[in-house]
Number of protein chains: 2
Amino acid sequence: MKRKVTLKQIAKELDVSISTVSKSLKNSLEISEDTRQKIQAFAKLYNYKPNNIALSLKNRKTKTICIIIPEIIHHFFATVISGVEQVANENGYNVLVCLSDESFDKEVINMEMLANGSIDGFIMSLSKETQQKKDFHHIVEVINQGMPVVMFDRVTNDILCDKVIIDDNLAAFNATQFLIDKGFKKIALITTVDYVSVGKLRTQGYIKALKNNDMNVDESLILRIEDTENFETLIEDLLTNNDLDAVFAVNEIFAVTAIKLARKLNIKVPEELSIIGFTDGIISKYSTPSISTVSQNGIKMGGKAAKMLIERLEAEDEEDEQYSTEVIETELVERESTI
Amino acid sequence: MKRKVTLKQIAKELDVSISTVSKSLKNSLEISEDTRQKIQAFAKLYNYKPNNIALSLKNRKTKTICIIIPEIIHHFFATVISGVEQVANENGYNVLVCLSDESFDKEVINMEMLANGSIDGFIMSLSKETQQKKDFHHIVEVINQGMPVVMFDRVTNDILCDKVIIDDNLAAFNATQFLIDKGFKKIALITTVDYVSVGKLRTQGYIKALKNNDMNVDESLILRIEDTENFETLIEDLLTNNDLDAVFAVNEIFAVTAIKLARKLNIKVPEELSIIGFTDGIISKYSTPSISTVSQNGIKMGGKAAKMLIERLEAEDEEDEQYSTEVIETELVERESTI
DNA sequence: ATATGCTTCGAAAACGTTTGCGTGTTGAAA
DNA sequence: TTTCAACACGCAAACGTTTTCGAAGCATAT
């Protein structure tokens, strides 16, 4: 088990100075052709690779970015990571993944832990708890230290930074309009509680579409699900007590659950009930019937976020505090759950 | 935008030496109560946090481990990351995630890039291409440098290191036996090509179960799918051309595809055809009918792998080269796709 | 008055790099 | 022979820590 070889060891072995070795390996013209070749050969033989930590310390940058997400097992977040990773790698950056598990405390701990030189910048999507508490001091602190932050998907207006989002409101509007155009009258909404930013926006889009078509908004058709509760019975009640034409669900789980319960209640999808979901994940694709859905391109979001972060990192002239918000377009993917 | 404060700055500000500051912050008794308090107060005021990179350089450890997986969007791998992350965090480690995208080259690049001091150890599952090429030099090299590696799921006997696996052979055997016990005679297998280690083992388990019950192995009932091909038609042919009783698929995608095609062919699942999958992911749960499956506990695997790695990292007396292979138990989850 | 010991602090090395600058050696021009 | 580039290389600082060791100051014991 040979340890990693360092400049110092090479220098000692070849009886030259450390700087000579360093310069030789960088092909500096300061060093004679002869010694350069000798040193390079030796270095290659011993498989010398510069120590990244030492470089990080010297350069005051780590070439590592951190992405903080609420949950990795959500397909959407996994695709975002995938996009981040790709762009980061292309630019020579590594990706540290942190999970907040929807917990405010874990989010804070992670950020504080890493803001001490371990990484160059953050990409993050807020945990539910953070959104609920509206406490963003940890993020402000990091930004004030001069570390760039890019937020995506679950963002907040209370923080000034670069952001990558979809137009949740518009996407929901379009999905609802799509159902209205089919001639459906009783369109239910299965959404989250309002403190989840994207849930709220999607709810607004739904309402806007109804109003836009002079349809009245029936609150009994809007089901706001709190994460912890047993939402299956709530959805079942919704389907049972209303003679629905269509359902718009703000995520895959709600959509597929609605489908399964409809089947249980002998409501035929899509013949008697059309269903549209949100997030084009693996469930929508493999459900029976497969689910029409608003597709958010997670890879694109992640890629864009990484690009924005890296550009900011590599812009030497820091003081252009012109933050921008990038909107990734969505798309309605029609599958079998809508007529 | 105030930059991070350093020991040196505090020292200068308070007109003491750097070492005095450092010792004070560690509550060293060498320093008088007075100065200690003064320095601590000042440090707290300026929110001093030691620079992690400097610490890493000094201590020659980064408190970061890297997990290399083929694909993050596979639910199983996402759960493994989740398990790794949890245990790592509990022990004060960060997790760097690298994706090989099933590519040998990306795997090599990632490892070489990070083996230079950036991380303390690897947790990895081999890419398909690596398994096919049987070229493990990059892993050997890393291990020879004294950096611990823990492999999980897709492992190889050609490398000596700690491993975390499930007993793929046994699990497949049990799943097949389960089908045999139901009285099924014509049991097909949908599997991968043999160079994927887990696919091969599962195939062996299937065959073993048949032989164990004096049933003959009909090669025409074994479908070995090469990743790239359009496997849907292959599965459709399998279902069409044989009057099957049951299907054992070595992953979720194959299983759910078989279900969807069976429906298309008007074969009722489970009444006319029972199906068992592998990997208890989100698809199996939300498919219609939901899929009976062999559950590998990804969180447990990840947690165990992280534990093994960290224990090795923290065992100072390195030279106990007693590598172990941990087997995580699997479980057959019965759902609607089997009678 | 000298020796001893304790308290309190600072200097410096070390981790592994990069790089500006100084210096010694050579060869050729004057 | 003197002068002066050009060449080839080494020194040392810097990044931010931790830690060993030595030293200064002072009080106590001899």
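Residues numbered from 1 in each chain as written. Chains lettered and ligands numbered in written order. Predicted model: local features only at pLDDT ≥ 70, side-chain atom pairs only at ≥ 80, totals over all residues.

Comments concerning the sheet that holds strand β8 (residues 246–249) of chain B
All names here are of chain B. Strand order in the open sheet made by the six strands is β7-β6-β8-β9-β10-β12, with mixed pairing throughout. Edge positions in the sheet fall to β7 (222–225) and β12 (331–333), since each of these pairs with one other strand and no more. On average, adjacent strands in this sheet sit at an angle of 15° to one another, irrespective of strand direction. In this structure, strand β6 (residues 187–192) lies alongside β7, joined through four bridges in parallel fashion. Counted as the bridge partner of Ile 190 is Leu 223 from β7. Against the sheet, helix α10 (residues 197–212) contacts β6, β8 and β9 (274–278), and its axis sits at roughly 165° relative to β6. Of the strands in this sheet, β6 and β7 touch helix α11 (residues 231–241), which is tilted by about 180° from β7. (Pairing = 2+ DSSP bridges. Helix = DSSP H or I, 4+ residues; strand = E, 2+ residues; numbered from the N terminus. Axes fitted to C-alpha atoms, helices over the stretch in contact; angles between N-to-C directions. Contact = placed C-beta atoms within 7 Å.)

Examining the protein's contact with DNA strand D
Among the 25 residues in the neighbourhood of DNA strand D, the closest are listed as Ser 19, Thr 20 and Ser 32 of chain A together with Ser 19 and Asn 51 of chain B. Elements with a minimum of two residues in the surface near DNA strand D: α2 (18–25) and α4 (52–59) of chain A together with α1 (7–14), α2 (18–25) and α4 (52–59) of chain B. Here the residues of the surface near DNA strand D are counted per class, giving 10 nonpolar, nine polar and six charged. (Near = placed C-beta within 6 Å. Nonpolar A, V, L, I, M, F, W, Y, C, P; charged D, E, K, R; others polar.)

Brief notes about the protein's contact with DNA strand C
Near DNA strand C, the surroundings consist of 25 residues, among which Leu 7, Ser 19 and Asn 51 of chain A together with Ser 19 and Thr 20 of chain B are the closest. Secondary-structure elements contributing two or more residues to the surface near DNA strand C are α1 (7–14), α2 and α4 of chain A together with α2 and α4 of chain B. Its residues assigned to classes, the surface near DNA strand C shows 10 nonpolar, nine polar and six charged.

Digging into the domain arrangement of chain A
Residues and elements named next belong to chain A. Each domain of chain A was delimited in the assignment, giving domain 1 (7–50), domain 2 (60–165 + 299–328) and domain 3 (168–296). Once you take the C-alpha centre of each, domain 2 and domain 3 turn out to be 30 Å apart. The interface is formed by 10 residues belonging to domain 2 together with nine residues belonging to domain 3. Elements represented by at least two residues in the side of domain 2 that touches domain 3 include exactly α5 (75–90) and α7 (128–133). Among the residues making up the side of domain 2 that touches domain 3, the classes are represented as three nonpolar, four polar and three charged. (Domains from an automatic or database assignment.)

Considering the relation of the copies chain B and chain A
For the pair chain B and chain A, the relating rotation is 180°, the translation along its axis is 0.0 Å, and the fit reaches an RMSD of 0.1 Å. The relationship between the two copies is best expressed as a two-fold rotation axis. Within chain B, Leu 96 of chain B has its C-alpha nearest the rotation axis, a separation of 2.1 Å. The overlap is high: 100% of the interface residues of chain B also sit at the interface in chain A, so the same surface is used on both sides. (Least-squares fit on C-alpha atoms with pLDDT ≥ 70 in both.)

Thoughts on helix α14 (residues 298–314) of chain B
Residues and elements named next belong to chain B. Look at α14: 24 Å from first C-alpha to last across 17 residues, which is about the 24 Å you get at 1.5 Å a residue. Taken as a whole, α14 has its buried residues at Gly 298, Met 301, Gly 302, Gly 303, Lys 304, Ala 305, Ala 306, Lys 307, Met 308, Leu 309 and Ile 310. Against the buried residues of α14 lie β1 (64–69), α5 (75–90), β3 (121–124), β4 (149–152), β5 (162–166) and β11 (325–328). (Expected span 1.5 Å × (residues − 1). Buried ≥ 20, exposed ≤ 12 C-beta atoms within 10 Å, placed from the backbone.)

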